[in-house]
Amino acid sequence: MQQLRLFFVALQFFTRLPIPRWVGFQPEWLQHASRYFPLVGWVVAAVAAGVYALAALVLPAPLAAVLSTAASIYVTGAFHEDGFADACDGLGGGMTRERVLEIMKDSRVGAYGAIGIVCMLGVKCTALAMLPPTSAIAALFLAHPLSRLAATSLIWRMTYARDQGKSKPMAQQMRGGEFAIAAVTALLPGAVLAASGLLAPAWLAACIAAAALSTFWLARKFQARLQGYTGDCLGAVQQLAEVAIYLVIVASIGHAALA
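Residues numbered from 1 in each chain as written. Predicted model: local features only at pLDDT ≥ 70, side-chain atom pairs only at ≥ 80, totals over all residues. Heavy atoms only, no water.

Asker: Account for the overall build of the protein, with residues named and values stated.
Answerer: Broken down by element type, the protein carries 11 helices and zero strands. Tracing the protein from N to C terminus, the helices and strands come up as α-α-α-α-α-α-α-α-α-α-α. Its C-alpha atoms put the protein at 50 × 45 × 30 Å along the principal axes. Sorting the 259 residues of the protein into buried and exposed places 49% on the buried side. Put simply, of all contacts in the protein between residues at least 6 apart along the chain, 76% involve residues at least 24 apart. With an accessible surface of roughly 12000 Å², the protein has 68% of that area assigned to carbon and sulfur atoms. (Helix = DSSP H or I, 4+ residues; strand = E, 2+ residues; numbered from the N terminus. Buried < 20%, exposed > 50% of the residue type's maximum accessible area, 1.4 Å probe, protein only. Contact = heavy atoms within 4.5 Å. Areas by Shrake-Rupley, 256 points an atom, 1.4 Å probe, with all protein chains shown as cover.)

Structure, rendered in structure tokens:
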């Protein structure tokens, strides 16, 4: 029952979906709920895939991709997209650690954030639109959990950069066993896709590598500029890793421009 409660706590923190009243909330629960962040990705993927499948019955693939992306943004309250935009603003406009943190805390979106979010959403929607419907739905179920594992890795290996913040309760040291639970739930959809023949094992490995490399690249930047991470950094890693996975899957179907 406690594990179910922790899952609902993670679902409440990262989505707008209602949870049962009996769950309650204690700040310390959020720290242990981090093991279920990839499982929240399953829920978001199910919503996005459901919208895509319904839209694709009557609309072209590009519109289905846009509506699916909009559904995922709505169900999460643009939580991760907002973090991505704030990280773009902070890293692009701040010269010192204090200034970067100040910019990232500002609710206003600057030029770097606006440009970054437009480019990111453009790439995401275009990539999904390039995929056959079955592959697009499979990509959603792979990318959402796996990208959330990428964000969880920052909690596991890095320190929180602020003294206070909305994400501070979950920023306590994550144990290896908790990360292992997160990894299993994140990798399970990929194993199913590989076993069913929807994604070749080599391309699944490439998706994992792309997510890992994008995470490593951003983590190095956060460590160099902030000496840690913030909640916005988690959102930025999740979004970049998600896009990286989509790009690899598009590459797997052989639609290269110069092919």
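Now that the structure has been shown, the text picks up again.
Asker: I'd like a rundown of the pattern of salt bridges, residues and numbers included.
Answerer: Counted according to the given criterion, the structure contains six salt bridges. Its salt-bridge partner being R108, residue D106 comes within 2.7 Å of it at the nearest N-O pair. We classify R108 as exposed; its relative accessible area is 63%. Several salt bridges converge on common partners, so that one network encompasses R35, R175 and E178. (Salt bridge = Lys/Arg side-chain N within 4 Å of Asp/Glu carboxyl O.)

Asker: Provide a residue-level description of unusual backbone geometry, including the pertinent values.
Answerer: One non-glycine residue, A78, adopts positive backbone phi at about 55°. Structurally, the position occupied by A78 is in the loop between α4 (61-76) and α5 (79-93). Residue A78 is classed as partly exposed on the basis of its relative accessible area, which comes to 26%. Phi is positive for Q227, which is not a glycine, with a value near 60°. Position of Q227 relative to the elements: it lies in the loop between α10 (201-226) and α11 (231-252).

Asker: Break down the packing of aromatic side chains for me, with residues and values.
Answerer: Following the criterion strictly, the structure yields eight aromatic pairs and no others. Taking the centre distance of 5.6 Å and the plane angle of 75° together, the rings of F13 and F79 count as edge-to-face. In this pair, F13 sits in helix α1 (residues 2-14) while F79 sits in helix α5, placing the two residues 66 residues apart along the sequence. Look at F13 and you get buried, because its relative accessible area is 15%. Classification of F79 as partly exposed rests on a relative accessible area of 23%. Judged by centre distance (5.6 Å) and plane angle (80°), the rings of Y160 and Y229 are edge-to-face. (Phe/Tyr/Trp six-rings, centres within 6.5 Å; stacked < 30°, edge-to-face > 60°.)

Asker: Before we move on, could you go through the packing of helix α8 (residues 133-157) against helix α9 (residues 176-196) and cite the residues and values that matter?
Answerer: Axis separation between α8 and α9 bottoms out at 9 Å; the angle between their running directions is 165°. On the basis of their axis angle, the class for α8 and α9 is roughly antiparallel. Like other packed secondary-structure pairs, α8 and α9 cross with a definite hand, here left-handed. Residues A138, F141, L142, P145, L146, L149, T152, S153 and W156 of α8 form the contact with α9, whose participating residues are G176, F179, A182, A183, T185, A186, L187, P189, G190 and L193. Grouping the constituent residues of the contact of α8 with α9 by class yields 14 nonpolar, five polar and no charged. (Axes fitted to C-alpha atoms, helices over the stretch in contact; angles between N-to-C directions. Parallel < 35°, antiparallel > 145°, perpendicular 65-115°, else oblique. Left-handed = near helix turned anticlockwise from the far one by under 90°. Nonpolar A, V, L, I, M, F, W, Y, C, P; charged D, E, K, R; others polar.)

Asker: So what's going on with the nonpolar core? Which residues, and what values?
Answerer: Core analysis: the largest hydrophobic core is formed by 78 residues, its most contacted members being L142, L154, F222, L226, Y229 and I245. Every residue in contact with L226, bar those within four places of it in the chain, is listed here: R97, V100, L101, M104, A161, K221 and C233. (Core = buried A, V, L, I, M, F, W, Y, C linked by side-chain atoms within 4.5 Å.)

Asker: Provide a residue-level description of the packing of helix α3 (residues 37-56) against α8, including the pertinent values.
Answerer: Contact pair α3 / α8: the axes reach a minimum separation of 8 Å and the direction vectors enclose 155°. What the angle tells us is that α3 and α8 run roughly antiparallel. Considering the relative orientation of α3 and α8, their crossing is right-handed. Two secondary-structure elements touch here, α3 through F37, P38, V40, G41, W42, V44, A45, A46, A48, A49, Y52 and A53 and α8 through P133, A136, I137, L140, F141, H144, P145, R148, L149, T152 and I155.

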